[in-house]
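# Architecture and fold: a report
Each chain is listed here by its residues.
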Amino acid sequence: MAYLWLKVFHIVGVVVWFSGLFYLVRLFIYDVEASGRPEPAKSLLKSQYRVMEKRLLNIIATPGMIVTLVMAMGLLASDRTLIHQQWLQLKLGLVLLLILYHFYCRKIFRNLSSETCGWTGQQLRLLNELPTVLLIAVVSLAIFKDGLPIYSAALGLIGLVLLMILAIYFYAKKRRISQEVLIVEAN
Ligand code: HEM
């Protein structure tokens, strides 16, 4: 029974953590793109985004990560055989990447606050796809466990990454064209 409750809050933690991570990088994109706006809109938008980014990191994403990991430790402690299973070891490797991503987002936030962030909106859009890939991989491992067909799953993920890159490329092209049309119409 305790094991199932740990699993419930493990999954709740995952949902909260990911909602924070996904929205955080979206805010970074708006923040970076606000640099192209004229004053006073630029300063107003940027200061509002900084408040939202800080709250999202400290009140949603980080507590979500802590709950996920604490519940996961509880699950491992309740069933000592789990740690010897291959799917879990692979999952731990992917979760480590996710934790690094989380702390890297914190670094981007600090750089944005000191106006030293070198990322463009386009690069941040690509970066924002990384947690999606990790989410699909980790959840697939948690569900299929050692029955996951690793090679076909990896191929499927590579296909998905390519699709995401294409979608971002065409979206950027569409935005560029509509901006050019607006400039032509304004003149
Ligand atoms: C240190 C990190 C983590 C550890 C040690 C861990 C460990 C575990 C364990 C032991 C279970 C129970 C498996 C079972 O009862 O069959 C579980 C379930 C689950 N975990 Fe994690 N987990 C971690 C992070 C994550 C993350 C980051 C995600 C999502 C991205 C995730 C998604 C899930 C899901 C969806 C389940 C439910 C699977 C099911 O019951 O069928 N876990 N995890």
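Below is a short write-up of the structure. (Residues numbered from 1 in each chain as written. Predicted model: local features only at pLDDT ≥ 70, side-chain atom pairs only at ≥ 80, totals over all residues. Heavy atoms only, no water.)

### Here we look at the coordination of the iron atom of the ligand
We apply this condition: Note that water is not among the atoms used; donors are N, O and S atoms within 2.8 Å of the metal (3.2 Å for Na, K and Ca), so sites may look incomplete. By the criteria applied here, four donors are tetrahedral when all angles lie between 85 and 135 degrees, four are square planar and six octahedral when opposite donors are over 155 degrees apart and every other angle lies between 65 and 115, and any other arrangement is irregular. A run of DSSP states H or I qualifies as a helix once it reaches four residues; a run of E qualifies as a strand once it reaches two. Both are numbered from the N-terminal end. To sort residues, take the accessible area from a 1.4 Å probe on protein chains only and compare it with the maximum for the residue type: under 20% means buried, over 50% means exposed, and anything in between is partly exposed.
Note on the iron atom of the ligand: its protein donors are His-10 (NE2) and Lys-91 (NZ). The metal-donor distances range over 1.8 to 2.1 Å. Each of the six donor atoms bound to the iron atom of the ligand contributes to angles spanning 85 to 179 degrees, and the resulting shape is octahedral. With His-10 in helix α1 (residues 2-33) and Lys-91 in helix α3 (residues 86-113), the pair connects residues that are 81 residues apart, well separated along the chain. Take His-10 and Lys-91: they sit in the same class, and that class is buried.

### Brief notes about the packing of helix α2 (residues 41-78) against α3
So the rule is basically this: Axis geometry follows a simple rule: fit a line to the C-alpha atoms, using only the stretch in contact for helices, then measure angles between N-to-C directions, giving values from 0 to 180 degrees. Roughly parallel means an angle under 35 degrees; roughly antiparallel, over 145; roughly perpendicular, 65 to 115; everything else is oblique. Helix crossings get a hand from a simple test, with the near helix turned counterclockwise from the far one by less than a right angle marking a left-handed crossing and a clockwise turn marking a right-handed one. Contacts between residues were defined by any pair of non-hydrogen atoms, one from each residue, lying within 4.5 Å.
The contact between α2 and α3 brings their axes to 12 Å, and the two run at 160 degrees. The orientation of α2 with respect to α3, classified from their angle, is roughly antiparallel. As for how α2 packs across α3, the hand of that crossing is left-handed. For the pair α2 and α3, the contacting residues are Arg-50, Glu-53, Lys-54, Leu-57, Asn-58, Ala-61, Thr-62, Met-65, Leu-69 and Leu-76 in the first and Leu-88, Val-95, Ile-99, His-102, Phe-103, Arg-106, Phe-109, Leu-112 and Ser-113 in the second.

### Things to note about α2
Where we set the bar: One less than the number of residues in a helix, times 1.5 Å, gives the span that helix is expected to have. Each residue is assigned a bend, namely the angle between axes fitted to the seven residues that terminate at it and the seven residues that start at it.
In this model α2 runs 54 Å from its N-terminal to its C-terminal C-alpha over 38 residues, within 8% of the 56 Å that 1.5 Å per residue would give. Of all the bends in α2, the greatest, near 35 degrees, is centred on Leu-57.

### Quick word on the site of the ligand
This is how it is decided: Any residue with a heavy atom lying within 4 Å of a molecule or strand is counted as near it. Nitrogen and oxygen atoms within 3.5 Å of one another constitute a polar contact, given that in protein one can donate a hydrogen and the other can accept it, and given that sequence-neighbouring residues count only through two side-chain atoms. Here the term charged refers only to Asp, Glu, Lys and Arg, the term nonpolar to Ala, Val, Leu, Ile, Met, Phe, Trp, Tyr, Cys and Pro, and the term polar to all other amino acids, Gly among them.
With respect to spatial proximity, 24 residues lie near the ligand, and among them Tyr-3, Lys-7, His-10, Lys-91 and Lys-145 are the closest. The side chain of Tyr-3 places a nitrogen or oxygen atom 2.5 Å from an oxygen atom of the ligand. His-10 is positioned such that a nitrogen or oxygen atom in its side chain is 2.7 Å from a nitrogen atom of the ligand. Mapped by element, the contributors of at least two residues to the shell around the ligand are α1, α2, α3 and α5 (130-144). The class makeup of the residues in the shell around the ligand is 20 nonpolar, one polar and three charged.

### Thoughts on the packing of α3 against α5
Running from amino to carboxyl end, α3 crosses α5 at an angle of 160 degrees, the nearest separation of the two axes being 10 Å. Comparing the axis directions of α3 and α5 gives the class roughly antiparallel. Seen along the crossing, α3 lies across α5 with a hand that is left-handed. Judged by residue contacts, Trp-87, Leu-90, Lys-91, Leu-94, Val-95, Leu-97, Leu-98 and Tyr-101 of α3 engage Leu-130, Pro-131, Leu-134, Ala-137, Val-138, Leu-141 and Ala-142 from α5. A class-by-class count of the residues in the contact of α3 with α5 yields 14 nonpolar, no polar and one charged.

Fair warning: the whole summary comes from geometry, so function is off the table for now.
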